[in-house]
Amino acid sequence: MKKEFPSNFLWGASSSAYQVEGAAFEDGKKASQQDVINQGSYEQFGFATAEIASDQYHHFKEDVALMKEMGFTCYRFSIAWSRIFPDGVGEVNPLGVKYYHDLIDELKKHGIEPIVTMYHYDCPWALVEKYGGWLNRQIVEDFTAYAKFIINEYKDDVRIWTTINEQSIIVQYWTQKCWIPEEYLDGTHDQMRYQINHYMNLCHAIACNLVHELVPGGIVGSAIGYSSIYPLTGKPEDVMAMQNAQALRNDYYTDIYFKGIYNKAAFTYLEEHGLAPVIEPGDMELIASHTSDFLALNYYASECAKACPEDSGLSIRWSGVNRSGKKGDIDGFETHPGFYQMCRNPELDTTDWDWAIDPIGLEYLLRDLYNRYNKPLMITENGLGAYDTLSEDGKVHDDYRIDYLREHIRAMKRAMDKGVEMIAYCPWSAVDLLSTSNGVKKRYGLIYIDRTDDDPKECARIRKDSFYWYQKVLASNGAELD
Ligand code: BGP
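These lines cover the structure that appears in this document, whether it is placed above or below.

Procedures and definitions
Residues numbered from 1 in each chain as written. Predicted model: local features only at pLDDT ≥ 70, side-chain atom pairs only at ≥ 80, totals over all residues. Heavy atoms only, no water. Helix = DSSP H or I, 4+ residues; strand = E, 2+ residues; numbered from the N terminus. Rg over C-alpha atoms; globule rule 2.2 N^0.38 Å. Contact = heavy atoms within 4.5 Å. Areas by Shrake-Rupley, 256 points an atom, 1.4 Å probe, with all protein chains shown as cover. 1 Å grid on protein atoms, 1.4 Å probe; cavity = no way out; pocket = protein on both sides within 12 Å on 5 of 7 lines; lining within 4 Å. Points joined across faces, edges and corners; volume = space filled by probe spheres on them. Nonpolar A, V, L, I, M, F, W, Y, C, P; charged D, E, K, R; others polar. Expected span 1.5 Å × (residues − 1). Pairing = 2+ DSSP bridges. Axes fitted to C-alpha atoms, helices over the stretch in contact; angles between N-to-C directions. Parallel < 35°, antiparallel > 145°, perpendicular 65-115°, else oblique. Buried < 20%, exposed > 50% of the residue type's maximum accessible area, 1.4 Å probe, protein only. Core = buried A, V, L, I, M, F, W, Y, C linked by side-chain atoms within 4.5 Å. Left-handed = near helix turned anticlockwise from the far one by under 90°. Near = heavy atom within 4 Å. Polar contact = N/O pair within 3.5 Å; in protein donor to acceptor, adjacent residues only side chain to side chain.

This part covers the overall build of the chain. Within the chain, the regular secondary structure consists of 16 helices and 14 strands. Here the C-alpha atoms of the chain give a radius of gyration of 21 Å, agreeing with the 23 Å that 2.2 N^0.38 yields for 482 residues. Once the C-alpha set of the chain is aligned to its principal axes, its extents read approximately 55 × 55 × 45 Å. Across the chain, the fraction of contacts at a sequence separation of at least 24, relative to all contacts at a separation of at least 6, is 76%. When the accessible surface of the chain is totalled, it reaches about 18300 Å², and 51% of it is carbon and sulfur.

A few words now on empty space enclosed by the protein. The rolling of a water-molecule-sized probe over the atoms marks out the regions of remaining empty space. For the structure shown, the criterion picks out five cavities of 30 Å³ or more. In this structure, the largest cavity spans a volume of roughly 70 Å³. Those elements that provide at least two residues to the lining of the largest cavity are helix H1 (17-20) and helix H4 (81-84). Of the residues contributing to the lining of the largest cavity, the split by class is five nonpolar, three polar and five charged. Estimates place the volume of the second largest cavity at around 50 Å³. Surrounding the second largest cavity, Tyr300, Thr351, Trp355, Ala356, Ile357, Gly383, Leu384, Gly385, Tyr404, Lys442 and Tyr444 form its lining.

Moving on, we get to helix H11 (residues 236-259). With 24 residues, H11 ought to run about 34 Å at 1.5 Å a step, yet its terminal C-alpha atoms sit only 28 Å apart, falling short of that. Of the residues trailing H11, Gly260 is marked for its positive phi of about 70°.

This brings us to the sheet that holds strand S5 (residues 219-225). In spatial order, the strands read S1-S2-S3-S4-S5-S7-S11-S12; together these eight strands close into a barrel with parallel pairing. Neighbour-to-neighbour, the strand axes of the sheet open up by a mean angle of 30°, direction not taken into account.

Residue Ser429 is bonded to the preceding Trp428 through a cis peptide linkage, with omega at 15°. A positive phi angle is found at Ala53, which is not glycine, with a value near 45°. Notably, Lys457 is not glycine yet its phi reads approximately 40°, a positive angle. Inspection of the secondary structure assignment puts Lys457 in the loop between strand S13 (447-450) and strand S14 (460-463).

To continue, consider the sheet that holds strand S9 (residues 335-336). What the four strands build is an open sheet, ordered S6-S8-S10-S9; its pairing is mixed. Both edges of this open sheet fall to strand S6 (229-231) and S9, since each of them pairs with a single strand only. Direction of pairing for S6 relative to strand S8 (residues 303-306): parallel, over a ladder of three bridges. Paired with Pro231 across the two strands is Ala305, which belongs to S8.

On to the packing of helix H3 (residues 56-70) against helix H16 (residues 465-475). Contact geometry of H3 with H16 gives a least axis separation of 8 Å together with a crossing angle of 55°. In terms of orientation, H3 and H16 fall into the oblique class. Contacts between H3 and H16 involve Leu66, Glu69 and Met70 from the first element and Phe467, Tyr470, Gln471 and Leu474 from the second.

So, about the environment of Tyr99. On the secondary structure map, Tyr99 appears in helix H5 (residues 94-109). By relative accessible area, Tyr99 is classed as buried at 4%. For the pair Tyr99 and Val89, spaced ten residues apart in sequence, the C-alpha separation works out to 19 Å.

Once that is clear, we can look at the nonpolar core. Among the nonpolar cores identified, the biggest contains 143 residues, and Trp134, Phe143, Trp161, Leu366, Met412 and Tyr470 are the most heavily contacted of them. Of the residues forming this core, the biggest block, 13 residues, is contributed by helix H10 (residues 191-214). Setting aside residues up to four positions removed in sequence, Leu366 forms contacts with Leu297, Leu377, Ile379, Met412, Ala415, Val420 and Met422. Listed in part, the eleven residues of the second largest apolar core include Ala223, Ile423, Ala424 and Cys426.

Next up on the list: the packing of helix H14 (residues 359-373) against helix H15 (residues 399-417). Orientation of H14 relative to H15, taken along the N-to-C sense of each, is 25°, at an axis distance of 8 Å. With respect to H15, the element H14 is oriented roughly parallel. Handedness of the crossing formed by H14 with H15: right-handed. Contacts between H14 and H15 pair Pro359, Ile360, Leu362, Glu363, Leu366 and Arg367 from the former with Glu407, His408, Ala411, Met412, Arg414 and Ala415 from the latter.

The next subject is the environment of Asp293. Note that Asp293 resides in the loop between helix H13 (283-288) and strand S7 (294-298). Separated by 16 residues in the primary sequence, Asp293 and Pro277 place their C-alpha atoms 26 Å from one another. Not counting chain neighbours up to four residues away, the residues in contact with Asp293 comprise His212, Gly218, Ile219, Val220, Lys375 and Pro376.

The ligand sits among 15 residues. The nearest are Gln19, Glu166, Thr436, Lys442 and Tyr444. In this structure, an oxygen atom belonging to the ligand sits 2.6 Å away from a side-chain N or O atom of Gln19. Within the side chain of Tyr121, a nitrogen or oxygen atom sits 3.5 Å from an oxygen atom of the ligand. When the ligand sits alone it has 380 Å² of accessible area, and the protein chains cover 96% of it.

That's the geometry; what it means functionally is another story.
So this is what it looks like as C-alpha cells:
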C-alpha cells in the first residue's frame, strides 16, 4: 500500500517580490535592476513593467485570505532588497521593513508558514549604478549586510529560508536576470556569467552560515532552477553529451551546495574555454564551511542533449528564448562544441513557449538528487505558463493547468514512495504575476489577476478552476487528485 503524504508536509505556492508586489517606487522603495530591465521589455516587446505587477503590496490581506481559503500551510515569497535598503546599503527603509512584518504576521495569523527567499533577481539599481551590481565582488559584502539584517529582523517568525533564486538560470539567461551592460554582450565577456555565479556561491555560503548562527531551529538552502536531462538517442555519444550537460547545467551548482566543490568535468570545460571564475584565496574554504539543510527545486520542464563535436563549425551559445508564445518560435539551443548541444525532445509535448511538459522528469530528478546528496527536497516552483481566458461566465477554466499540476504531484508522490524525503510543494504561482520573460499574458496562477500587459485595471482577484481543485487536494492532504 502506498504511504500517505506526511502530516507535516507543507502545501502552498510561490511568488517573487518584483513579479507580484508592484508599488515599485512607493513607501521609500527605490528601483531594482528588474524595474529597469522590465521597463526595457515594455519598450521592446510591450510586456508589462514591474511597476504594478499584481499589486500584491496593496492586496496582500486579500491574497493571504485566498491562500487560507485554498488551505495553504506555507507561502514562498521573496524580500525585495531595495524595499529594505533603497540604496542597497546604508539607510534602512522602515516602511519596507514593516511591509514584510505585516505580510508575515498575516500569514501566521492564518496558520501559513512563510518560506522566505532572500534574493530573486532584483539587485538594487543603486548598486548597479555604483559598481555594476553582481559584476563586482563588492556585492558579496553588501549582500552579507542585507542578509544579516533581514535574518535578524524576521528570525522570530521565519524558520525556512532560501538564499539566491536560480543561480543556474542566472548563468543561462543573464540579461533577463541581471543588468548586463551592452558592451558585455558580444560574447567576449561570458566568463562573467560564471564569475557572478561564484560571487553568488560566496553569498549563499555566508547566508547559510548566518541562518544557522542567528535563527534558532532555522533551516536554509538554495532554490535552484533544475531540469532533468535526457540523451536525444541511445547512441553513446549522445549519452555522453547528456552527462556533460548534467555536469555543467546541474552538478556545477548542486556540488557546491552539498560537497562545497566545483564539479570537476564542468570546471575543466570552463577552464579550457576561458570561462572559469577567478577564485581568490579563502573562497573555497568559505564555500566548504557552509551546509545547506535542503535543496529547493524549481522544476517546469525537462531538457534533452545531443553530441556536438568540437569540429561542428558551431560556436558557444546560451539558452534560447521564445518571446512570441507560438510553439516552435524558440530562437535557438544552448551549444558547447566538444561538450554538448541542447535540443528539442521529440517525445514530449511543450507549452506554447516551448517548455517540455514532463512529470516523469520530476520523479527522475527527485530520486537522482536524493540518492546522490541525501538531503530533503522541496518544490518551490512548478507550473504551467499558459494563455488563460476569463470566460463570459466570469470564470477561468484552466483544466490544462489542473492536468499539469496533478501529474506533477503524482510524480513527486511516486518519488516519495521510493523513499525521497520532501518538505513542501509550492507551485508557481499563487496569483498570476509578471513573467520573467513574457509579460503578464503568460499566466501561472491559481488565482487570476484581471489585468493585461497594457492595462493594469484594478488587478481584481478571480478564483480559477485550478483554485477549487487545489483546495480539494489540500483538504485531503494530497489524497484526492482527481
Ligand atoms: C523561474 C523563476 C520565476 C518564474 C518562473 C517562470 O525561472 O524563478 O521567477 O518567473 O521561472 O518563468 P517565466 O516567468 O519566464 O515564464
